[in-house]
Amino acid sequence: MPHDARNTDSAWWLAAPSIPVTGLSGAEAKARQVEFGPNVFRQHREASLLRQYLSRFRNPLVVILLAASAVSAFTGAVADFIIIACIVLLSVTLDFVQEYRAGAAADKLRQEVSVKASVQRDGKLLEVAVSSLVPGDLIQLAAGDLIPADGWVIEARDFFVKQALLTGETYPVEKRAGTPAAGSDMQEAGNAVFMGTTVISGTAQVLVARTGAGTAIGNIADSISRPTAPTSFELGTRRFGMLIMRLTVLMVMFVLLVNAFFHRPWLESFLFAVALAVGLTPELLPMVVSVTLSRGALRMARRHVIVKRLSAIQDLGSMDILCTDKTGTLTEARIRLERHMDAAGKPSERVLELAYFNSFFETGVKSPLDEAILAHGQIDPGTWQKIDEVPFDFERRRVSVLIDDGSRRWLVVKGAPDEIVGLCTRYEDAAAPLPVELDAAARTAVQDQYHALEDEGFRALGIAWREVPRDHPHAVVDDESQLILAGFAAFLDPPKPSAASALAALRNDGVAIKIVTGDSERVTRHVCIELKIPVDGILLGQEIAGMDDHALQARVEAANLFCRVNPAQKERVIRALRARGHVVGYLGDGINDAPSLHGADVGLSVDSAVDVAKEAADMILMRHDLHVLHAAVQEGRRTFGNIMKYILMGTSSNFGNMFSMAGAALFLPFLPMLPAQILLNNILYDISEIPIPLDKVDNVDVRAPRVLDMAFVRNFMLVIGSISSLFDFLTFYILLVVLKADEQLFHTGWFVESLFTQVLVIFIIRTRGRPWHSKPHPLLIGAALAVIACAAGLPFTPLGRYFGFVPPPASFYLVLGAMVTAYLLAVEVAKRLFYHWQADWK
């Protein structure tokens with residue numbers, strides 16, 4: 001048996017595996033899954049449906065309300081207790097069912113893009129979920145893979161792993177089969193790989209030793225986990241929660257003090273205050289958010305976007321800057337090798353041969369440039385064999401292979417022209433039998449050669465080599481010196497025909513594109529000219545390296561091209577943009593894109609990306625096309641629009657009514673509405689708003705990014721809520737003075753009036769324009785009409801008597817019709833003035 005996956009005390013890699021390296025059968029894997037558990041850091045046991053349902057009752061307001069009503073039952077008000085309990089039960093059940101269905105739909109989508117592992121079981125190579133790996137599994141790893149468990153390296157071919165997450169080592173380290181000579185330090189474990197680290201190059205076969213919490217990273221997961229900065233949507237919801245909490249506390253304290261001052265029954269007053277707090281709280285907001293986001297995720301899936309983090313839909317809708325590389329996004333990603341020339345600019349088969357050998361023998365993730373070289377033409381490597389390699393990394397920006405043909409041993413280097421030319425001391429000249437010294441004049445002429453290529457839109461690679469002794473066993477970074485420049489390979493990656501229109505659509509919708517690339521500024525500028533992208537400013541990686549965060553924040557706004565940047569600098573650019581108040585998206589698919597994907601408000605990757613990028617992303621584009629992204633942005637804004645409808649409706653209507661109740665407590669000799677009536681009013685209003693996630697969003701709401709602005713919500717609430725309260729007090733006057741209402745008729749009249757105004761004003765608030773120009777969803781219309789019909793008819797039913805209602809006179813309904821019409825017109829005028837004032841203020 002392998003070492004216990006739950007025991008992390010010893011350096012297990014010092015011992016050789018004690019089981020046959022043949023892989024497991026399906027039955028053995030199932031048995032070990034039971035023994036060791038799933039391969040996750042923290043085992044998340046899904047609570048039963050009953051426990052999930054009961055957890056909804058942990059809301060403090062619900063608990064207080066049920067406890068207070070239970071106390072009232074002991075004082076004789078059993079009917080009130082039953083009514084309140086039934087209403088709370090209905091509200092909680094409604095919330096649970098809708099949110100559970102939304103969560104199930106979202107989970108199903110996430111499983112479609114979950115990271116898989118290649119494992120040998122029953123003699124076959126299978127793709128299985130990473131969570132199902134167990135000790136004893138035999139897995140296959142290749143460049144770009146995220147290592148899914150701790151294990152022994154059984155076989156390896158030029159296998160380099162980046163494990164800085166655990167050891168802090170800057171450069172990738174090579175892993176080989178065999179037991180290390182000595183040392184229990186993880187950095188000395190040359191025969192072992194660790195969960196969470198990344199394969200940079202090569203292939204390997206690994207025997208799983210430990211999984212889940214028993215892995216090295218699982219043992220220290222809490223200490224190395226870095227809390228991510230809250231996204232725009234998360235910040236907005238926190239501020240909204242604080243706004244509601246402050247209003248609720250102030251309103252409840254005011255009501256309790258007033259009732260205490262007038263020596264009213266304390267239990268009844270307390271129940272009224274708590275019911276008031278429940279009425280002011282938009283308790284359906286979590287359900288509306290969950291259902292709206294899950295429906296958005298389903299619609300996005302139909303548009304070829306899989307959502308992994310639901311709240312990212314909201315952030316995508318609020319995104320005003322998209323950072324992306326140009327390859328595959330602005331260009332076709334069908335790169336062709338167009339030229340191969342010597343240092344003097346003359347065609348050279350020698351350069352093609354060296355470039356081909358480098359790409360052929362390299363075992364890292366094949367870049368599009370490697371694929372273009374290999375596809376250009378078949379070159380027989382003959383007796384050349386690879387001895388070793390130094391894999392590509394973004395600091396060196398080059399890759400080297402050590403090859404031997406039986407009589408010579410060469411180091412062949414390919415990389416960014418600036419880097420390669422800087423390492424060369426000689427260059428090949430067709431007119432000279434031997435390499436020529438690369439003096440200052442020759443160096444300038446060579447630089448002019450590849451700069452000219454870049455100005456024409458070609459991506460250039462420098463190709464160089466040097467001969468080393470036959471007994472030189474390994475290639476190391478220090479070998480990349482005193483090189484001989486062979487020449488350059490020039491590649492063409494034409495712009496996508498669809499990119500220009502997609503970029504124009506994104507710009508028209510308020511999303512600025514910032515190109516963040518490792519390519520040269522000359523190539524990037526040429527692509528921008530082709531796509532008619534105005535170049536506002538350019539920042540180079542070497543400039544960014546010399547800036548602190550404050551200086552970068554000052555410069556980052558004015559530039560839209562960031563060239564020759566490494567992954568760490570990409571992340572700094574994103575964080576600088578976020579620090580300036582932007583909502584930033586990042587589109588990446590490479591091994592080193594994970595930090596930038598984590599650092600953005602919304603991380604975007606593609607289905608063909610490496611595991612590391614897909615795991616870090618919030619959304620996966622099933623097609624690498626900006627039109628798909630533009631459609632997703634619009635969907636995100638529709639989702640945001642429907643959530644904002646609920647927030648604006650709930651806060652303004654609830655605030656107006658609850659403020660009216662608190663004010664009425666000052667002059668009424670009785671409670672303006674009984675606690676059970678407040679809760680019934682609240683639940684009926686909530687039912688009328690359930691179809692909001694299905695509602696159509698006006699085109700004006702998807703034309704520009706929007707964030708959850710608390711100042712906007714507060715001001716809207718104060719304007720519309722004040723009008724609502726004004727009409728409530730007018731209702732009080734008519735009920736008390738005109739209709740001479742007693743306590744029961746007052747309760748009935750205001751209950752009906754408040755529901756009519758709350759529900760019908762939905763059709764005013766749901767659109768910025770004229771209500772008759774924006775067609776609501778039929779279910780929203782149906783739910784609203786059903787609720788107001790219920791409110792109008794309830795006082796005439798036996799059930800109405802249980803709530804303390806009495807049938808109003810016919811004259812009340814005539815007055816009600818006039819008041820509701822006047823109220824809706826007043827809100828429509830106020831709404832238009834409010835949005836006009838907002839536009840002028842901005």
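Scroll up to find the structure.
This structure is a prediction, so every number in the text was calculated from the model and none was measured.

Analysis parameters
Residues numbered from 1 in each chain as written. Predicted model: local features only at pLDDT ≥ 70, side-chain atom pairs only at ≥ 80, totals over all residues. Heavy atoms only, no water. Helix = DSSP H or I, 4+ residues; strand = E, 2+ residues; numbered from the N terminus. Buried < 20%, exposed > 50% of the residue type's maximum accessible area, 1.4 Å probe, protein only. Contact = heavy atoms within 4.5 Å. Areas by Shrake-Rupley, 256 points an atom, 1.4 Å probe, with all protein chains shown as cover. Arc of directions from axis to C-beta. Axes fitted to C-alpha atoms, helices over the stretch in contact; angles between N-to-C directions. Parallel < 35°, antiparallel > 145°, perpendicular 65-115°, else oblique. Left-handed = near helix turned anticlockwise from the far one by under 90°. Nonpolar A, V, L, I, M, F, W, Y, C, P; charged D, E, K, R; others polar. Patch = residues over 30% accessible without salt bridge, like charges linked within 9 Å, V, L, I, M, F, W, Y side chains within 5 Å. Salt bridge = Lys/Arg side-chain N within 4 Å of Asp/Glu carboxyl O. Core = buried A, V, L, I, M, F, W, Y, C linked by side-chain atoms within 4.5 Å. Pairing = 2+ DSSP bridges. Phe/Tyr/Trp six-rings, centres within 6.5 Å; stacked < 30°, edge-to-face > 60°. Lys NZ or Arg CZ within 6 Å of the ring centre and 35° of its normal.

All right, on to the overall build of the protein then. Along the protein, the regular secondary structure elements total 30 helices and 23 strands. For the protein, the residues scored as buried account for 57% of the 842 residues in total. For the protein, the share of sequence-separated contacts (at least 6 apart) that also reach a separation of at least 24 residues comes to 74%. Of the roughly 35300 Å² of accessible surface on the protein, a fraction of 59% belongs to carbon and sulfur atoms.

With that settled, consider helix α13 (residues 368–376). Listed in full, the buried residues belonging to α13 are Leu369, Asp370, Ala372 and Ile373. Down the axis of α13, the smallest arc covering the buried residues is 160 degrees, so these residues share one side. Buried residues along α13 sit against β10 (336–342), α12 (349–361), β13 (409–415), β16 (459–467) and β17 (483–492).

As a further point, take helix α17 (residues 521–530). For α17, every residue scored as buried is listed here: Glu521, Val523, Thr524, Val527 and Cys528. Seen along its axis, α17 keeps its buried residues to an arc of 165 degrees; they face one direction. In this fold, the buried residues of α17 make contact with α15 (440–455), β16, β18 (512–516), β19 (538–540) and β20 (561–563). Phi for lysine 532, located one or two positions after α17, is positive at around 60 degrees.

Below, the discussion takes up the packing of helix α24 (residues 675–689) against helix α26 (residues 743–760). Interaxial distance between α24 and α26 falls to 10 Å at its minimum, and their mutual angle equals 20 degrees. Viewed along their axes, α24 and α26 adopt a mutual orientation that is roughly parallel. As for the relative orientation of α24 and α26, their crossing is right-handed in sense. For the pair α24 and α26, the contacting residues are Gln677, Leu680, Asn681, Leu684, Tyr685 and Ser688 in the first and His747, Phe751, Ser754, Leu755, Gln758 and Val759 in the second. The class makeup of the residues in the contact of α24 with α26 is six nonpolar, six polar and no charged.

With that settled, consider a nonpolar patch on the surface. A cluster of nonpolar side chains, Phe254, Phe261, Phe262, Phe659, Leu666, Phe667 and Phe729, forms an exposed patch at the surface whose accessible area comes to about 690 Å². Within the secondary structure, phenylalanine 659 is located in helix α23 (residues 626–664).

So, on to the nonpolar core. Counting residues in hydrophobic clusters, the biggest one holds 140 residues, and the most contacted among them are Leu316, Leu322, Phe562, Met619, Val713 and Phe751. Considering each element in turn, this core owes the most residues, 17 residues, to α23. Other than its neighbours up to four places away in sequence, phenylalanine 562 contacts Lys514, Ile515, Val516, Thr517, Leu539, Ile544, Val556 and Val573.

Further remarks concern the sheet that holds strand β22 (residues 602–606). Taken in spatial order, the eight strands line up as β8-β23-β22-β21-β9-β18-β20-β19 in an open sheet, and their pairing is mixed. With partners counted over all chains shown, the strands left at the sheet margins are β8 (305–307) and β19, one partner each. Along the sheet, successive strands turn relative to each other by an average axial angle of 20 degrees, direction set aside. Pairing geometry for β22 and strand β23 (residues 619–621), over three bridges, is parallel. Counted as the bridge partner of serine 605 is isoleucine 620 from β23. Most of the contacts of helix α11 (residues 311–318) go to β22, to which it runs at about 100 degrees, and overall it touches β8, β22 and β23. On top of the sheet, helix α20 (residues 567–579) reaches β9 (321–324), β18, β20 and β21 (584–587); it is set at about 160 degrees to β21, its chief contact.

Quick look at the packing of aromatic side chains now. Scanning the entire structure with this criterion turns up 23 aromatic pairs. On the numbers, 4.6 Å between centres and 40 degrees between planes, the contact of phenylalanine 751 with phenylalanine 805 is tilted. Of this pair, phenylalanine 751 sits in helix α26 while phenylalanine 805 sits in the loop between α29 (798–802) and α30 (810–841), and the two are 54 residues apart along the sequence. Ring geometry for phenylalanine 834 and tyrosine 835: centres 5.8 Å apart, planes at 75 degrees, overall edge-to-face. Judged by relative accessible area, which is 13%, tyrosine 835 ranks as buried. Put simply, the rings of Tyr356, Phe357, Phe360, Phe361, Trp384, Trp410 and Trp465 touch in pairs and so form one group of aromatic residues. The side chain of arginine 350 reaches across the aromatic face of tryptophan 465, ending 4.9 Å from its centre.

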